[in-house]
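Results of the structural survey
Residue-level listing of the chains:
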Amino acid sequence: MPNCSCDSELLISSDSKAFSWLENNISSNSSLTAKEALRMLEKLSESYSLGYDDNQLLQVIYHLYLMYQKNEVINLTSIRSMPDGLILHALDSLLFAKVIAGYVHLDSSSRLLDMGTGGGFPGIPIAAVSNFNVELLDSVGKKVNACNEFAAAMGLDDRVHASHDRLEEFARKSGRAFDLVTARALAKLDILIEYAEPYVKQGGYLFFGKANPGEQELSDAKKVARLCGFEIVSRETFELPDDYGHREIVVLRKVAKSKIKLPRKNGEARNHPLSAR
């Protein structure tokens, strides 16, 4: 898709063939067109003071559109209606980028790992609004193939790549190569911390999205954070529009070496969590 920092209306009208997809429904379960979804996202961006330019938001909508087209043949998401997908996938991912920008410059070439990426959220939208080099990781091969197709179609495949592997196994191949790690709707916080520890550099950050983490989950996370050499530096909270719920992005920083040798064997993090020790 052509890249331009100009007004989205001018961009669309300047190359009507390249942007003809905007006239299509963004998903088969919705009468909302991709262009209407773009307008909604622009308004949401203003409401949440996100500060992304028109072309960046266009890229985010293009990813959402591609994902829903692929969702017709591969199960990438159970959120099939609009504006549910716009808010719970696109906006939710952009809120990650907003929080990340408070700790890491979006125009840097930092390396980001998105654990359990599914249809590419939040990794691909973050890539669309930054200069990060993004690795998308998922254990389902069809999802990985789809994400690589999305990155290529969006012109991001020079710095966005998806890999098919288990979290424990990929860590043994990549090493401690990432400046930041993201995950959402994947596991409890204590388990996410264990998964992420072998990947992140000293001084790097973890950004984990949750709906309403309970006191026990937060207590377990603090315990495992200490074991794995992290400190919880922030809990950024958002209220999604139109009663779509509460969001928290928990931010952790790598400050010390782990007291536990990681990664453990496959399945150990879930079956025998460190918080139970």
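Refer to the structure printed above.
The structure contained in this document is the topic of the report that follows.

Calculation notes
- All residue numbers refer to position in the chain's written sequence, counted from 1.
- For a predicted model such as this one, the threshold for reporting local features is a pLDDT of at least 70, and the threshold for listing and counting side-chain atom pairs is 80 or more; totals across whole chains, interfaces and linings nevertheless cover every residue.
- To obtain the side-chain values, all non-hydrogen atoms of the structure were used and water was disregarded.
- Only protein atoms enter the 1 Å grid used here. Points where a 1.4 Å probe fits but cannot escape make up a cavity, open sets with protein on both sides within 12 Å along at least five of seven lines make up a pocket, and a residue lines them when an atom lies within 4 Å of a point.
- Grid points are joined across faces, edges and corners, and a volume is the space filled by probe spheres set on the points.
- Counting from the N terminus, the helices are the DSSP runs of H or I reaching at least four residues and the strands are the DSSP runs of E reaching at least two.
- Residues are grouped as follows: Ala, Val, Leu, Ile, Met, Phe, Trp, Tyr, Cys and Pro are nonpolar; Asp, Glu, Lys and Arg are charged; every other residue, Gly included, is polar.
- Exposure categories follow from relative accessible area, calculated using a 1.4 Å probe and restricted to protein chains: below 20% of the type maximum is buried, above 50% is exposed, and the middle band is partly exposed.
- An expected span of 1.5 Å times one less than the residue number is assigned to each helix.
- In this description, the arc belongs to the directions extending from the helix axis to the C-beta atoms.
- Here the aromatic set is Phe, Tyr and Trp, taking the six-membered ring for Trp, and pairing holds for ring centres within 6.5 Å; pairs whose planes are under 30 degrees apart are stacked, those over 60 apart are edge-to-face, and all others are tilted.
- Counting as a charge over the ring demands two things of the Lys NZ or Arg CZ atom: a distance within 6 Å of the ring centre and an angle within 35 degrees of the ring normal.
- Between N-to-C directions, angles cover 0 to 180 degrees, with each direction set by a line fitted to C-alpha atoms, over the stretch in contact for helices.
- When describing relative orientation, an angle under 35 degrees is termed roughly parallel and one over 145 degrees roughly antiparallel, while 65 to 115 degrees is termed roughly perpendicular and anything else oblique.
- Here is the rule for handedness: rotate from the far helix to the near one, and if that takes an anticlockwise turn smaller than a right angle the crossing is left-handed, while a clockwise turn gives right-handed.
- Two residues form a contact once any of their heavy atoms are found within 4.5 Å.

Moving on: the layout of surface pockets. If you roll a probe as big as a water molecule over the atoms, it shows you where there is empty space left. Estimated volume of the largest pocket: approximately 660 Å³. Top contributing element to the lining of the largest pocket by residue count: helix 4 (residues 84-100), with four residues. Classifying every residue of the lining of the largest pocket gives twelve nonpolar, eight polar and ten charged. Approximately 170 Å³ is the volume attributed to the second largest pocket.

Attention shifts here to unusual backbone geometry. Residue Pro83 is bonded to the preceding Met82 through a cis peptide linkage, with omega at 5°. Residue placement: Pro83 occurs in the loop between helix 3 (54-70) and helix 4. In this structure, the amide linkage connecting Phe121 to the following residue, Pro122, adopts the cis form with an omega of 5°. Along the chain, Pro122 falls in the loop between strand 1 (111-115) and helix 5 (123-128). Even without a glycine there, the phi angle at Ser49 is positive, about 50°. Note that Ser49 resides in the loop between helix 2 (34-47) and helix 3. Accessibility expressed as a relative area gives 53% for Ser49, which makes it exposed. In this model, Asp242 sits at a positive phi of 55°, which is unusual for a non-glycine residue. Inspection of the secondary structure puts Asp242 in the loop between strand 6 (230-239) and strand 7 (246-254). A relative accessible area of 65% means that Asp242 is categorised as exposed.

Between its first and last C-alpha atoms helix 9 (residues 215-228) spans 20 Å; for 14 residues at 1.5 Å apiece the expected length is 20 Å, and the two agree. Residues of helix 9 that are buried include every one of Glu217, Leu218, Asp220, Ala221, Val224, Ala225 and Cys228, and no others. Taken end-on, helix 9 shows its buried residues confined to a sector of 160°, consistent with a single buried face. Exposed residues lying more than 90 degrees from the buried face of helix 9 are Glu215, Gln216 and Arg226. Downstream of helix 9 by one or two residues, Gly229 has phi in the positive range, about 85°.

The full count for this structure, using the stated rule, is seven aromatic pairs. Members of the aromatic cluster, connected to one another through ring pairs, are Trp21, Tyr62 and Tyr65. Positioned over the ring face of Phe178 is Arg111, at 4.6 Å from the centre of the ring. One residue, Lys254, lies across the ring of Phe230, its end atom 4.8 Å from the ring centre.

Below, the discussion takes up the packing of helix 3 against helix 4. Two elements in contact, helix 3 and helix 4, have axes separated by 11 Å at closest approach and are oriented at 135°. Comparing their axes, helix 4 and helix 3 come out oblique. In the packing of helix 3 onto helix 4, the handedness of the crossing is right-handed. For the pair formed by helix 3 and helix 4, the contact residues are Leu57, Val60, Ile61, Leu64, Met67 and Tyr68 on the first element and Gly85, Leu86, His89, Ala90 and Leu94 on the second. Taken together, the residues of the contact of helix 3 with helix 4 break down into nine nonpolar, two polar and no charged.

These figures come from the coordinates and say nothing about function on their own.
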